[in-house]
Amino acid sequence: MEFHDYLKIKKIDPEMFRKSAKEEFLEWETLFNRIHPESFTQQKLFLINQIRRKYHLKETLQKEKLPAPKAVKPKVKSIKPKLN
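Residues numbered from 1 in each chain as written. Predicted model: local features only at pLDDT ≥ 70, side-chain atom pairs only at ≥ 80, totals over all residues. Heavy atoms only, no water.

Moving on to the packing of aromatic side chains. All chains considered together, the criterion is met by ten aromatic pairs. Ring geometry for tryptophan 28 versus phenylalanine 40: centroids 5.7 Å apart, planes at 75 degrees, classification edge-to-face. Within this pair, whereas tryptophan 28 is found in helix α3 (residues 22-34), its partner phenylalanine 40 is found in helix α4 (residues 37-43), the two being separated by twelve residues in sequence. The class of tryptophan 28 is buried, set by a relative accessible area of 1%. Take phenylalanine 40: its relative accessible area is 0%, and that puts it in the buried class. For the pair phenylalanine 32 and phenylalanine 40, a centre-to-centre distance of 5.5 Å together with 90 degrees between the ring planes defines the contact as edge-to-face. Members of the aromatic cluster, each reached through a chain of ring pairs, are Phe3, Tyr6, Phe17, Phe25, Trp28, Phe32, Phe40 and Tyr55. (Phe/Tyr/Trp six-rings, centres within 6.5 Å; stacked < 30°, edge-to-face > 60°. Helix = DSSP H or I, 4+ residues; strand = E, 2+ residues; numbered from the N terminus. Buried < 20%, exposed > 50% of the residue type's maximum accessible area, 1.4 Å probe, protein only.)

Right, here's the structure in full:
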């Protein structure tokens with residue numbers, strides 16, 4: 001995974017982030033390339049939210065929305081007692 005793709009997944013505009021905060025962008029990119037993406041997320045968890053608010057990605061990646069499966073209702077059989 002590349003850093004630009006990661007930022008898009010996190011709904012951060014990579015171009016706006018790079019232009020506005022070059023030093024921080026390069027620092028993050030270098031760190032991202034050295035460690036696993038999940039470790040990067042854990043290290044920068046609180047900072048990611050701040051950056052997302054500043055450089056929010058206008059076009060979000062939308063996954064195909066599949067219709068939700070219909071709920072299956074259990075069938076209840078009424079049992080009538082036999083009277084002799």
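Alright, that's what it looks like, and here's the rest.
Moving on: the pattern of salt bridges. According to the stated counting rule, one finds two salt bridges in the structure shown. For arginine 18, the salt bridge identified is with glutamate 15, shortest N-O distance 2.6 Å. Pair noted here: arginine 18 and glutamate 15 are both in helix α2 (residues 14-20), with a separation of three residues, about one helical turn. Since its relative accessible area comes to 35%, glutamate 15 is described here as partly exposed. Here lysine 44 and glutamate 27 are joined by a salt bridge, their closest N and O atoms 4.0 Å apart. Placement of lysine 44 in the loop between α4 and α5 (45-54) and of glutamate 27 in helix α3 is noted, with a sequence separation of 17 residues between them. (Salt bridge = Lys/Arg side-chain N within 4 Å of Asp/Glu carboxyl O.)

A positive phi angle, near 60 degrees, is found at lysine 11, a position not held by glycine. Mapped onto the fold, lysine 11 is located in the loop between α1 (3-9) and α2.

With respect to the helices, strands and loops of the structure, aspartate 13 is situated in the loop between α1 and α2. Buried charge aspartate 13 goes without a salt bridge, the closest partner of opposite sign being lysine 8 at 7.4 Å. In contact with aspartate 13, not counting residues within four places along its chain, are Tyr55, His56 and Leu57. (Lys, Arg positive; Asp, Glu negative; His and termini not counted. Contact = heavy atoms within 4.5 Å.)

The next subject is the environment of histidine 56. When you line up the elements, histidine 56 lands in the segment after α5. A relative accessible area of 36% means that histidine 56 is categorised as partly exposed. Beyond its immediate chain neighbours, meaning those up to four positions away, histidine 56 contacts Lys11, Asp13 and Met16.

Moving on: the nonpolar core. Core analysis: the largest hydrophobic core is formed by 13 residues, its most contacted members being Phe3, Tyr6, Leu7, Ile12, Phe17 and Trp28. Dropping the residues within four chain positions of it, tyrosine 6 is found in contact with Met1, Phe32, Pro37, Phe40, Thr41 and Ile48. (Core = buried A, V, L, I, M, F, W, Y, C linked by side-chain atoms within 4.5 Å.)

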